[in-house]
Amino acid sequence: MSSIPPEYKPASLEDWQKAASKSAPGGRVDALNWVTPDGIAVKPLYTAADTQSLPHADTLPGFAPYLRGPQATMYAARPWTIRQYAGFSTAEESNAFYRKGLAGGGQGVSVAFDLATHRGYDSDHPRVVGDVGKAGVAIDSVEDMKILFDGIPLDKVSVSMTMNGAVLPVLAGYVVAAEEQGVRQDQLSGTIQNDILKEFMVRNTYIYPPEPSMRIVGDIIEYTAKNMPKFNSISISGYHMQEAGANQALELAFTLADGKEYVKTALAKGLDVDEFAGRLSFFWAIGMNFYLEIAKMRAARLLWWRIMSGFGAKNPKSLMLRTHCQTSGWSLTEQDPYNNIVRTTIEAMAAVFGGTQSLHTNSFDEAIALPTEFSARIARNTQLIIQEETHIPNVIDPWAGSYMMEKLTQEMADAAWKIIEEVEAMGGMTRAVDSGWAKLKIEAAAAEKQARIDSGRDVIVGVNKYRLEREDALDAREVDNVMVREQQITRLDKIRAARDAGAVHAALEALTTAARTGQGNLLDLSIRAVRLRATVGEVSDALEKVFGRHRADTQKVTGVYAAAYDSAEGWDKLKGEIAAFAEQQGRRPRVMIAKLGQDGHDRGAKVVATAYADLGFDVDMGPLFQTPEECARQAIENDVHAVGISTLAAGHKTLVPAIIAELEKQGATDIIVFVGGVIPQQDYEYLFNAGVKGIYGPGTPIPASAKDVLEQIKRSLGDH
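Residue numbers run consecutively from 1 along every chain, following the written order of its sequence. Two thresholds apply to this predicted model, a pLDDT of at least 70 for residue-level local features and 80 or more for giving and counting side-chain atom pairs, whereas whole-chain, interface and lining totals are computed over all residues. By convention in this description, side-chain values take in all heavy atoms of the structure and omit both hydrogens and water.

Colleague: Would you mind going over the nonpolar core in detail, with residue names and values included?
Modeller: Among the buried residues, those of types Ala, Val, Leu, Ile, Met, Phe, Trp, Tyr and Cys that are joined through side-chain atoms within 4.5 Å form a nonpolar core. Accessibility here uses a 1.4 Å probe with only protein chains present; expressed as a share of the type maximum, an area under 20% marks a residue as buried, one over 50% as exposed, and anything in between as partly exposed. By size, the foremost hydrophobic cluster in this structure holds 85 residues, and its most contacted members are Phe254, Leu256, Trp284 and Met429. Counting 58 residues, the second-largest nonpolar core is a separate cluster that includes Ile139, Ile152, Val157 and Leu523.

Encoded structure:
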């Protein structure tokens, strides 16, 4: 081995600063700092000095504060669980998909339900004509649930269910389907999301107002703690917050603050903290901000240990944060979609480096439609390759000791804790959600992010840089919504004809009485009703009689998009054109941004509304969950020039022609209709033939869509 030359002298930090300043912008090394969306300045160089004062930089996995992982051996002994989140069309089709996934290397089932099920409607309800089977599997009764899990041994396969609004009848259906498969409740393993607070902030698949919804959460925690010891009673989800626009610090803070609120709710039921806390789990989004995602997950474990210590938890399982992760759906692009395979791989590695306990990798075509078997296999194999070819799992927390990662973990923890303290000062997360403050914080972050992309400050390869001149068409999965709905209605009719109607009525009345009096466990009573073949809609209606249905405010942020849009010349020119229109017509161009059906994903709608308002449009926001008839009536009453339909859940071929027909029926042919969101190219011609004037898919800069809408309005006024 060669010795170090005698003239060798280690360079100092001052030496590096002098050398770096020669190539740094303006000769300033701090100009090389990258300021994250969370406001953290990430330096280009870290040294031992950055970690000297950190309190938890030298810890071990499996021991408090669990920063390096909840288990001592992590993946070196047992890799994370590979899951695939899927559900579409009928229970039969979804079951076939799950069984193929398990045979191909999947290790657990994650169920996506359709929006009708999420919102507690049976498939024959008139408000869900365009939603049945579209963005998930349609489940109306335990008979559907039995088909969904046919041939899948529920005592051996863990099941994760993303369900919050209709959580009682859906969880009850799973329990009863298992019983009729011969599996006891204490043998069931898996997770029910049961995280209603984030629904009021971002995803909007709620049914009841916050207060009774929190009672449902508490009853489920209580019941599962006593009867289902292997089942996670809640998955506290930051995923949908990041998908709606939250940066990593907001996602981390709001999710942990939600967790605190659920612990308080369970304690108020009289439970001991160590009786239930070990069965709480978390769910993070993993986006393209590679370093921050790893730091976020490490910081999350540190902060949850701090929070649970504050509740007096003693059992290590109560103190350690366990999590599922899913790669970002929002980061997937319609343009040049094979790039999404690379994005998902990078995000999956961040989840693994961060120490996830299970992982779902999105398929590359999910910005366009539901995944095909081809794309789902690539997504699953991405995890198998990381597990079995790279040797990444052989080392526990490989980022430990990194000057940068340890410092960034602490800074992420500090940024999130500051927000958590803000929430506590308001009286907790329920108050922060009820006031609308939390939702507006996320919407502001979403508008700022979109403005940075639209102006080119944030690069998206294949979208705003290195874009292909011509895109090749992709095969996209399409669900025959009409066929699925007819099949579900036929099955519902058979169930209602064969059951003991009197017994079902009595079981539903018992649920309504329990809701009114506060006595009895609502999950226990739901299981009894579902055993008798009460449907998802009937159980939901029994509670709605007392709790009512929640109606969200349609607030929007203003000024955020304009402040972050970094292309003044084009922006100012378009604002001038809109001002000129207003002067000529005597009023500003007026648009209504609407969501139809049960699709509550409103990030796109809110960002578009914010940007259009900042440009000078008069903007009305339609309430969530409108029917085409209601939307047309509001558009006419508000005297708008145009209606913009934001769609994410594949109901566009049913609902968009319906709104155009309603406008014609009500004599408003001068109101133009435009559409934005997740729409496969193969559907464009169909929508144009139906009368749509503009279609703006993912990646369309908002100012470009606004200019086109303005031209369409001018043309319409000229025609009329």
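The discussion continues.
Colleague: Got a sec to walk through the pairing of strand S14 (residues 642-647)? Specific residues and values, please.
Modeller: Under the DSSP-based scheme used, a helix requires at least four consecutive residues in state H or I and a strand at least two consecutive residues in state E, with every element numbered from the N terminus. Of all the 6 residues making up S14, 6 are buried; the element is thus mostly covered by neighbouring parts of the structure. Every second residue of S14 is oriented toward a common face, with Ala642, Gly644 and Ser646 on one face and Val643, Ile645 and Thr647 on the other, all of them buried. At least two DSSP bridges between two strands are needed for those strands to be called paired. In this structure, strand S12 (residues 590-594) lies alongside S14, joined through 4 bridges in parallel fashion. Considered in S14, the bridge of Ile593 is made with Gly644. Note that S14 and strand S15 (residues 672-677) share 6 bridges and pair parallel. Pairing of Ser646 across the sheet is with Gly676, part of S15.

Colleague: Can you break down the environment of Val619 residue by residue, with the values?
Modeller: Tracing the sequence through the fold places Val619 in strand S13 (residues 618-621). On a C-alpha basis, the gap between Val619 and Val482 in space is 33 Å, while along the polypeptide they are 137 residues apart.

Colleague: Before we move on, could you go through the pairing of S12 and cite the residues and values that matter?
Modeller: Burial analysis of S12 places 4 of its 5 residues in the buried class, which makes it a mostly covered element. Note: S12 against S13, 4 bridges, orientation parallel. Paired with Met592 across the strands is Asp620, a residue of S13. If the strands point away from the viewer and the path from the first strand over the helix to the second runs clockwise, then the crossover is right-handed. Crossover connection from S12 via helix H25 (residues 603-615) to parallel S13: handedness right-handed.

Colleague: Which residues make up unusual backbone geometry, and what values go with them?
Modeller: The linkage connecting Ala64 with the following residue, Pro65, adopts the cis geometry, with an omega of 5°. Within the fold, Pro65 resides in the loop between strand S2 (41-42) and helix H2 (74-77). Phi angles above zero are rare outside glycine, and Tyr466 is one such case at about 60°. Relative to the elements of secondary structure, Tyr466 occurs in the loop between helix H18 (437-454) and helix H19 (481-498). Here Tyr466 falls in the exposed class, since its relative accessible area comes to 58%.

Colleague: Would you mind going over the sheet that holds S13 in detail, with residue names and values included?
Modeller: Strand order in the open sheet formed by 5 strands is S13-S12-S14-S15-S16, and the pairing between neighbours is parallel. Only two strands of the sheet have a single neighbouring strand rather than two, namely S13 and strand S16 (694-696). Sheet twist, expressed as the average angle between the axes of neighbouring strands with direction ignored, equals 20°. Its contacts with the sheet put H25 on S12, S13, S14 and S15, and the angle it makes with S13 is roughly 160°. Note on contacts: a residue pair is in contact if any heavy atoms of the two residues lie within 4.5 Å. Comment: axis = line fitted to C-alpha atoms, over the contacting stretch for helices; angle = value between 0 and 180 degrees taken between N-to-C directions. Across the sheet, helix H27 (residues 652-665) is in contact with S14 and S15; its angle to S15 comes to roughly 160°.

Colleague: Describe helix H21 (residues 522-531), and please don't skip the residues or the numbers.
Modeller: Burial analysis of H21 places 7 of its 10 residues in the buried class, the great majority of the element. Looking at H21, one finds that the buried residues are Leu522, Leu523, Leu525, Ser526, Ile527, Ala529 and Val530. Considering only its buried residues, H21 is in contact with helix H5 (142-148), helix H6 (167-179), helix H8 (210-227), helix H20 (501-517) and helix H22 (536-547). Its side-chain oxygen placed 2.9 Å from the backbone nitrogen of Leu523, Asn521 serves as the N-cap of H21. In the stretch just after H21, Arg533 is the one whose phi turns positive, near 80°. Distance and chemistry together define a polar contact, namely a pair of N or O atoms within 3.5 Å, with one atom able to donate a hydrogen and the other to accept it when in protein, and with adjacent residues in sequence counting only for side-chain atoms on both sides.

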